[in-house]
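# Chains, contacts and geometry: an overview
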Amino acid sequence: MCAAREGRCGRRQRALLCCVLVAAWEAARGQLRYSVSEELPKGSFVGDVAKDLALDLAAFGAGGARVVSQGRTQYFALHASSGHLVTAERIDREQLCENVQQCVLRCELIVENDMKVYAIEVEITDINDNTPSFQKTELELRMNEMVAPGTRFSLRRAHDPDLGVNSLQSYALSGDEHFSLSVQAGADGEKRPELVLAKALDREEAAFHELLLRASDGGDPARTGTARIRVAVLDANDNAPAFSQAVYTVRVPEDVPVGSTLLRVTATDPDDGTNGDVKYSFEEISEKASRAFQLETDTGAIRLLRSLDFEEVDFYEFRVQSQDGGALSDSARVSISVTDVNDNAPEISVRSALSEISEDAAPGTVVALLHVQDRDSGANGEVRCSLGEGVPFRLERALDDYYSVVTARELDRERASEYNVTVRAADGGSPALRSGAVLALRVLDVNDNAPVFAEARYSARLPENNAEGALVLTVRAWDADWGQNARVRYRLREGRLRGAPLSSYVSVQAETGALYALRSFDYEEVREVELWVRAEDGGAPPLSSNVSVRLLIADENDNAPQVLYPPAAPGPGPGPGSGAGVGAWGSASGAWSWAGVELAPRSAEPGALVAKVVAVDADAGQNAWLSYELAKATEPGLFRVGLHSGEVRTARSPLARDAARHSLVVVVKDRGRPALSATATLTVVLAESVAELLSELGSAAAPAEPAGSLTRWLVLAVAAVSCLFLAFLLLLLALRLRRWRRSRLPPPPSAGAALRGVPASHFVGIDGVRAFLRSYSHDVSLTADSRKSQLRCAGGSCCDTLPARPPPDEAAPLRGEDAAAHRAAEPDGLPVSAATVHCFVRFNIFALFLFTF
């Protein structure tokens, strides 16, 4: 006894060692295998998963890992704190794995954080928890008293669902000396009890015999089941029934209709009467088979009671018995194989799935773990999986029946913010059965898009003299991102305009992009503003883009024309922009003013140039287009003004009856709306000579002041001029002496060349007066900007040079175009000292003429 126990302990230790080695080998392959006994209480330890897979316990916490079993019942659970695999239900091996030598339960460990799956196999080992049992505990046999000793009668076997030594091991019979027990080993290795007649029966001696049949397993302790056998002794019956086949075999598809006859067993008995009447019954049948099949007692037909399911049971085996009326019987074995039909569509189970994923997830990121299974077998159970078209995902096989849905490329939330990924599965049956599952996945935004302006460049026109705070334009930028990443704010890029910060001229509203003018613009000061607006999103880090904005200041007619010639007269005059000609008298004080007198010969031809009115407008464009018209004239038909040139010309030849002195008022207008204007006043004297001109001017000035007062002023002026003249003559003499002394020395190459050969007649007489008048030639430079316009005296001005004497053949009168040509031909003048003397000389001569008149 002790030796037997030591042998059993050694075998258990070796088996445990093998299990440990197998578990270690499977763990190295990423698959675990454990062994556990059946009928353990809930929560019993199965294996240390965390240790065997070398996983961190942190990955098990807060639902980070879970165990999923195939089927509806979850037999195992995971302790997150320890990483141990434990039983979740009481496991009955005989219920789960009936007629299966090795009972293995499979489950999967899913690690959510890593989106990985590990296969786990748990072998359920048998314990002696079942007693051998007979289908019927009360058996009745009928035997003819003429049966010869040694005749064998089959008995129904006992059933023990345990395996190995725990299964049925032996039978024992007790109760009567007429019978003995013989145990035969069948082809499948099962023990079949047979009742053997050891001694002839005599009905008159004993009509009934009571026997007790015991069936025992090999467990420790052993379990025993019993059945009572009652043998009834009958009168003589010569022949026993005999089946046509010892074994009946049939294959039926699982979709055979209920009520169909699967096969018919047949037994014959040559006796007559009741001894030849054969009845059929089940001799030995399992509980599942008894619920699925029915045996007709008279015909031996086996009919289907309920639908077959290949996936549940694919093979049935039982024994049938034929018995005549004389209690003689025979038995045969029936084997029914169920063939598979493609009646199960593939099943897709989502073991783990993400509901949202960042758009910057790397390709190959696991999105979901799927378990795909088809309960059919063979080609009917081969499953092909695929994804819908046009999605950036692909399928990868993780384990035998597991697939991973992973990203195939980078995601772009701006192109697709969410996906409904359809997983399709089809088996290999004909026709194929299909199923599908939909994975809903939302793409989380990443700040990967900078704001984009609606236009590549903005421009706007802003009229000058705008109100402060006026809206100029609105810039718009869109960000393809979402949420805070798409919130756009605007601001000006730093810059300066005319020395001041750009932000003092314009501002931009941060939320709307509206651009406002902070001050009133003047076209004459600022004509164009170039600035940059930056749009920045709310991401971290933020992304931005810039756009150029060009503001064009539109001119408005806010500047009246400005008359440059004739210049405005000093003192009270006609008004702004007006001018009085050279030689006009001041209208209030009577003082003499050289402001705008023009000389026109009486012999002038029609169209002769008399004067030119020069004006500018600080505005631009149409607002600066000037036109001239004669608003008022002493003799309306005598003079005309060029509409665009401002030239005053004779409209006809002067007549004798025409007045000698004419006053012309020229109006200068621009083309703005409304138009602005200015006036210029010219005095034109019709005279053939300077003397006649001075006479006319003097006659016009005489009534302005009493003669006595005028004479007094003239005397004082002549005296002062005479003194100055004498002083300058002395100065001139001194300069001449100095030049003479220097001429005795070697002079510089250019010294004194300017005064050499100047006739003395240039300093006296009427020639001096003519030179004085010629000195009033001028150059006028005009630009659109009034600050750049200028009036420059020519080289022959009286302030710096003395004009040269004209050639003898030149015409003496100063009139019209001849005078202009003569002025243009004059040399640039003498050096400064001679020019100064010349100026004073001419001034004295002119004063003498005034005194004379």
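Report on the accompanying structure. Here the structure is a predicted model, which is why all the values come from computation and not from measurement.

Thresholds applied
- Residues numbered from 1 in each chain as written.
- Predicted model: local features only at pLDDT ≥ 70, side-chain atom pairs only at ≥ 80, totals over all residues.
- Heavy atoms only, no water.
- Phe/Tyr/Trp six-rings, centres within 6.5 Å; stacked < 30°, edge-to-face > 60°.
- Helix = DSSP H or I, 4+ residues; strand = E, 2+ residues; numbered from the N terminus.
- Buried < 20%, exposed > 50% of the residue type's maximum accessible area, 1.4 Å probe, protein only.
- Lys NZ or Arg CZ within 6 Å of the ring centre and 35° of its normal.
- Pairing = 2+ DSSP bridges.
- Axes fitted to C-alpha atoms, helices over the stretch in contact; angles between N-to-C directions.
- Patch = residues over 30% accessible without salt bridge, like charges linked within 9 Å, V, L, I, M, F, W, Y side chains within 5 Å.
- Areas by Shrake-Rupley, 256 points an atom, 1.4 Å probe, with all protein chains shown as cover.
- Salt bridge = Lys/Arg side-chain N within 4 Å of Asp/Glu carboxyl O.
- Lys, Arg positive; Asp, Glu negative; His and termini not counted.
- Charge placed at Lys NZ, Arg CZ, Asp CG, Glu CD.
- Polar contact = N/O pair within 3.5 Å; in protein donor to acceptor, adjacent residues only side chain to side chain.
- Contact = heavy atoms within 4.5 Å.

## Quick look at the packing of aromatic side chains
- On inspection of all chains with the given rule, the structure shows 10 aromatic pairs.
- Residues Phe 134 and Tyr 171 carry aromatic rings whose centres are separated by 6.4 Å and whose planes lie at 50 degrees to one another, so their mutual orientation is tilted. Here the residue Phe 134 occupies a position in strand S8 (residues 133–134), and Tyr 171 occupies one in strand S12 (residues 168–174), the gap between them amounting to 37 residues.
- Given a relative accessible area of 8%, Phe 134 falls into the buried group.
- Classification of Tyr 171 by relative accessible area gives buried; the value is 10%.
- Both rings, one in Phe 453 and one in Tyr 490, keep their centres 6.5 Å apart while their planes meet at 50 degrees; by these two values the pair is tilted. Taken together, the residues Phe 453 in strand S34 (residues 452–453) and Tyr 490 in strand S38 (residues 489–492) connect sequence positions 37 residues apart. In this pair, the class of Phe 453 matches that of Tyr 490, namely buried.
- An aromatic cluster of at least three residues, connected via ring pairs, comprises Phe 282, Phe 293, Tyr 316 and Phe 318.
- Sitting over the ring of Phe 208, Arg 230 keeps its end group 3.8 Å from the ring centre.
- Directly above the ring of Tyr 505 sits Arg 519, whose terminal nitrogen or CZ lies 4.0 Å from the centroid.

## Thoughts on the sheet that holds strand S27 (residues 356–358)
- Read from one edge of the open sheet, four strands run S27-S33-S32-S29, paired in mixed fashion. Edge positions in the sheet fall to S27 and strand S29 (383–387), since each has one partner strand and no second. This sheet shows a mean twist of 30 degrees between the axes of neighbouring strands, independent of strand direction.
- Bridge count between S27 and strand S33 (residues 434–444): three bridges; the pairing is parallel. Counted as the bridge partner of Glu 356 is Arg 442 from S33.

## Observations concerning a positive patch on the surface
- Taken together, the side chains of Arg 736, Arg 738, Arg 739 and Arg 742 present a region of like positive charge at the surface.
- Mapped onto the elements, Arg 738 comes out in helix H6 (residues 707–743).
- Residue Arg 738 is classed as partly exposed on the basis of its relative accessible area, which comes to 47%.

## Here's the deal with the side chain of Arg 413
- As for its position among the elements, Arg 413 is in the loop between strand S31 (402–407) and strand S32 (418–427).
- For Arg 413, a relative accessible area of 11% gives the class buried.
- Of the polar contacts made by the side chain of Arg 413, one reaches the side chain of Asp 445; its length is 3.1 Å.
- Of note is the side chain of Arg 413, whose polar atom sits 3.0 Å from the backbone oxygen of Ala 480.
- Leave out the neighbours within four places in its chain, and Arg 413 touches Glu 359, Val 443, Leu 444, Asp 445, Ala 480, Asp 481 and Trp 482.

## Here we look at the sheet that holds strand S24 (residues 315–323)
- Pairing within the open sheet is mixed, and its four strands lie in the order S18-S25-S24-S21. Single-partner strands in this sheet number two, and they are strand S18 (247–253) and strand S21 (279–284). The average angle at which neighbouring strand axes cross in this sheet is 30 degrees, direction not considered.
- Relative to strand S25 (residues 329–339), S18 is paired through seven bridges, and the arrangement is parallel.

## Observations concerning the environment of Ser 307
- You can see Ser 307 is positioned in the loop between strand S23 (301–304) and S24.
- For Ser 307 and Val 258, which are 49 residues apart along the polypeptide, the C-alpha to C-alpha distance reads 5.8 Å.

## Considerations on the pairing of strand S54 (residues 661–669)
- Relative to S54, strand S51 (residues 627–633) runs antiparallel, the two being bridged by six bridges. Residue pairing across strands places Ala 633 opposite Leu 664, the latter belonging to S54.
- One ladder, built from nine bridges, connects S54 with strand S55 (residues 677–686); its direction is antiparallel. In the strand pairing of S55, Ser 663 is matched with Thr 683.

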